[in-house]
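Understanding the architecture of this molecule
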Amino acid sequence: LSFGPHHDAKEQVRQAIDLVEVVSRYLDLRPQGRDFVGHCPWHDDARPSLRVNRERQSWKCWVCNIGGDAFSFVMRKEGVGFREALEMLAERAGIELSVRGVAIVRGSSNDKRTLYQAVAWAEEQFHRCLLSAPEAEPARRYLQQRGLNADSLQRHRVGFSPAGWQWLLDRARSTPYSPEVLETVGLVGRSERSGNLYDFFRGRIVFPIRDPQKRPIAFGGRVLPDDPEARGGKYINSRETRLFSKSEQFYGLDVVGDNVRRTRHATIMEGYTDVIMAIQQGLTDAIAVLGTALNQRHLHVLRRYTDAVTLVLDGDTAGQRRTNELLELFVSQQMDVRILTLPEGQDPCDFLQSRGATEFQRLAADAPDALEHKLRLVTQGLDAAKDTHRANQALEEMLRIIALAPAGEARSATRLREQQLLPRLSREFFVAEQDLRLRLDELRRSRRATTASAPSAATGPAAAPPSLRQLAARDVELLEILILEPALIGQLAELHEPVRLPPGVAQEILEIFQRVWREAGSADFPQIMAQVEDADVKSLLVELDEQAREKAERAEQSPLGRLAAWIDSCRRQATDQQRRRQMSSLNETLDAGQELNLLQEIQELARQTRGE
Ligand SMILES: [Zn+2]
């Protein structure tokens, strides 16, 4: 195989793994005929609905109507992206992935495995120090005062980094972790003036931040109250590193992720201690963002777990503008959000400790959703009958936010709320419901017009996953033929005119066929699957594959015959178009020689079909 550098990792890993073995790590599979079946992890599965096809290296659940290969099974099961799934499968298969062709020296700062190990080692040092070192006594006392018990400290591996500049660096001397490695993962900083390295978290309680695979990747550090030497903020986080991206991580998701996925709900708080206390009190869906504002990338990560959240906000009104932005973010992402403001400006940690999780959940259940919350804000102290100018502004602001949720999709409760809210807005603002709907349509149309042309449209609400029904029959026909008989891609490549489909997912798949064929000299289904990074497109491909093989069983024509017919119909369509153009322009543009060539190719293909 002669894959280019960035394809070859996928292909290498694909060859090294077996789907049956990968799936078996997550669920019990038993053989059934030539396939294997198991209980689908994504729906409440009474009978085994998940089917694994060893020969095609594909899986499918008929109830959920999703399918894929080993990569997308891991992506969906672990809630990770393609790259992460690739790395996990590579690691289990004992394959070292190189980064863009750079050779990896084991133990160096570009060896990701060493980086993970270094952070895990540091976590252990900090944690043991907190539990037993004499210099950690003030830290232990502080955590006890805050009410965090030993189980919690253990569960979240809370630690302490002693004051002094070299505590961690000194300890690392007898380990494989060089100062460069510690610097790469953000555990040590470098003085700008002297160039000397120093412990980054010195004198702070440290909260390990773990990825969804429960690996520590970074830390948050909190100063002790009345620490005379404390410098910098009350809280600091590791800077962004190769392992840690602030906008994609939630604190606590490693602990409560399974539960969030099961209950389809998360409670988002502001601090580490809030989350730890919440879980200690039995609120087992609490998470927090890390030293950054909640943003769109967070929601993309969260969507793999749930699309309903309760957002716990501090009581201060300074955050109100920010709250506005958050509301818009959730509505536009079609996530259901309730806004919970705790009474008397209490923080979640204090509240949970004094009143307990049940009381917290009772408040959360009564908390207003995004639109209700917004309505309360804009109508505060407003008399719509008297102050018409302000009332108009408030109404327009409400409609603008409602319009952020795309029309026509009843995917979230926000859309249902819209149906309930319009009659109410009509009553409160003395405007006919009919007029409200017209204005809403108008706002949606202008919004679509602007987002469609703006380059930022790609970061807008996630598009619906591609479905087989949306593809043109002609495109489906070609892809089915290639799936059944990949070698025909070679025939296509030799045609006079390169075959192109209209832009879209079918053309993307065709390009993958062409590239894999060029680079590997074969294009079998599992090879094609491995090159596709989008889990939804993988699912589409499995559907195509099933349909193709089903049709092939009852088809009268061979794949080659079907291809000849396909090319023939394309040719007819092309000449029709050309004839139309000629008639309108009176310009002789048809190259008779070109057409003859294509005709000969078709006849040749047809001859091969008949086995001549
Ligand atoms: Zn299922």
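Residues numbered from 1 in each chain as written. Predicted model: local features only at pLDDT ≥ 70, side-chain atom pairs only at ≥ 80, totals over all residues. Heavy atoms only, no water.

Some details on the overall build of the protein
Secondary structure assignment for the protein yields 25 helices and 16 strands. Within the protein, buried positions represent 48% of all 612 residues. Long-range pairs, those at least 24 residues apart, make up 66% of the contacts in the protein with a sequence separation of at least 6. Carbon and sulfur atoms make up 48% of the accessible area of the protein, which totals about 30300 Å². (Helix = DSSP H or I, 4+ residues; strand = E, 2+ residues; numbered from the N terminus. Buried < 20%, exposed > 50% of the residue type's maximum accessible area, 1.4 Å probe, protein only. Contact = heavy atoms within 4.5 Å. Areas by Shrake-Rupley, 256 points an atom, 1.4 Å probe, with all protein chains shown as cover.)

What about the coordination of the zinc ion?
In this structure, C40 (SG), H43 (ND1), C61 (SG) and C64 (SG) serve as the protein donors to the zinc ion, at separations of 2.1 to 2.3 Å. The coordination sphere of the zinc ion comprises 4 donor atoms, whose angles at the metal cover 103 to 116°; the geometry is tetrahedral. Overall, the relative accessible area of 0% leaves C61 in the buried class. (Donors = N, O, S within 2.8 Å, 3.2 Å for Na, K, Ca; no water. Tetrahedral: all angles 85-135°; square planar, octahedral: opposite > 155°, others 65-115°.)

Looking at the sheet that holds strand β16 (residues 336–341)
As summarised here, the arrangement of the 5 strands in space is β12-β14-β13-β15-β16, forming an open sheet in which the pairing is mixed. On the outer flanks of this sheet lie β12 (250–251) and β16, each paired with one strand and no other. Alignment of strand β13 (residues 266–269) against strand β14 (residues 286–289), held across 3 bridges, turns out to be parallel. Note that in β14 the partner of I268 across the bridge is I287. Against the sheet, helix α10 (residues 253–263) engages β12, β13 and β14, with an angle of about 130° to β14. (Pairing = 2+ DSSP bridges. Axes fitted to C-alpha atoms, helices over the stretch in contact; angles between N-to-C directions.)

A look at the packing of aromatic side chains
Evaluated as defined, the whole model comprises 15 aromatic pairs. Summarising the aromatic geometry, the rings of F126 and W167 are spaced 6.1 Å apart at their centres and angled 20° between planes, so their arrangement reads as stacked. In this pair, F126 is assigned in helix α5 (residues 112–132) and W167 in helix α8 (residues 167–172), connecting sequence segments 41 residues apart. Here the aromatic cluster, defined as three or more aromatic residues joined through ring pairs, consists of F126, W167, F200, F201 and F219. Over the ring of W165 we find R202, and its NZ or CZ is 3.9 Å from the ring centre. R261 extends its terminal NZ or CZ atom over the ring of Y305, reaching a point 4.4 Å from the ring centre. (Phe/Tyr/Trp six-rings, centres within 6.5 Å; stacked < 30°, edge-to-face > 60°. Lys NZ or Arg CZ within 6 Å of the ring centre and 35° of its normal.)

Quick word on the pairing of β14
Alternating positions in β14 separate into two faces, A286 and A288 on one and I287 and V289 on the other, with burial throughout. In this structure, β12 lies alongside β14, joined through 2 bridges in antiparallel fashion. Bridging from a neighbouring strand, F250 pairs with V289 of β14. Regarding the hand of the β-α-β motif, the stretch spanning β13, helix α11 (residues 272–280) and β14 is right-handed. (Right-handed = clockwise from strand over helix to strand, strands pointing away.)

Quick notes on the pairing of strand β9 (residues 204–210)
For a regular strand, side chains alternate in direction, first toward one face of the sheet and then toward the other. The element β9 is extensively covered by neighbouring structure, given that 7 of its 7 residues are classed as buried. Along β9, one buried face is formed by R204, V206, P208 and R210 and the opposite face, lined by I205, F207 and I209, is buried too. With 3 bridges joining them, strand β6 (residues 159–161) and β9 adopt antiparallel strand pairing. Within β9, the residue paired with S161 across the bridge is R204. The pairing of β9 with strand β10 (residues 216–223) spans 7 bridges and is antiparallel.

Quick notes on helix α19 (residues 473–484)
With 12 residues, α19 should reach 16 Å at 1.5 Å per residue; the first-to-last C-alpha distance of 16 Å fits that figure. The complete set of buried residues in α19 reads D475, V476, L478, L479, E480, I481, L482 and I483. (Expected span 1.5 Å × (residues − 1).)

As for the sheet that holds strand β11 (residues 235–237)
Across a sheet, strands are paired by hydrogen bonds formed along the backbone, either parallel or antiparallel in direction. With antiparallel pairing, the 4 strands of this open sheet are ordered in space as β6-β9-β10-β11. Whereas interior strands pair on both sides, the edge strands pair on one side only; in this sheet they are β6 and β11. For this sheet, the mean angle separating the axes of adjacent strands, direction not counted, is 35°.

Digging into the packing of α5 against helix α6 (residues 137–145)
Contact geometry of α5 with α6 gives a least axis separation of 7 Å together with a crossing angle of 80°. In this view, α5 runs roughly perpendicular relative to α6, as classed from their interaxial angle. For the pair α5 and α6, the contacting residues are C129, L130, L131 and S132 in the first and A139, R140 and L143 in the second. Of the residues that constitute the contact of α5 with α6, the class distribution is 5 nonpolar, 1 polar and 1 charged. (Parallel < 35°, antiparallel > 145°, perpendicular 65-115°, else oblique. Nonpolar A, V, L, I, M, F, W, Y, C, P; charged D, E, K, R; others polar.)

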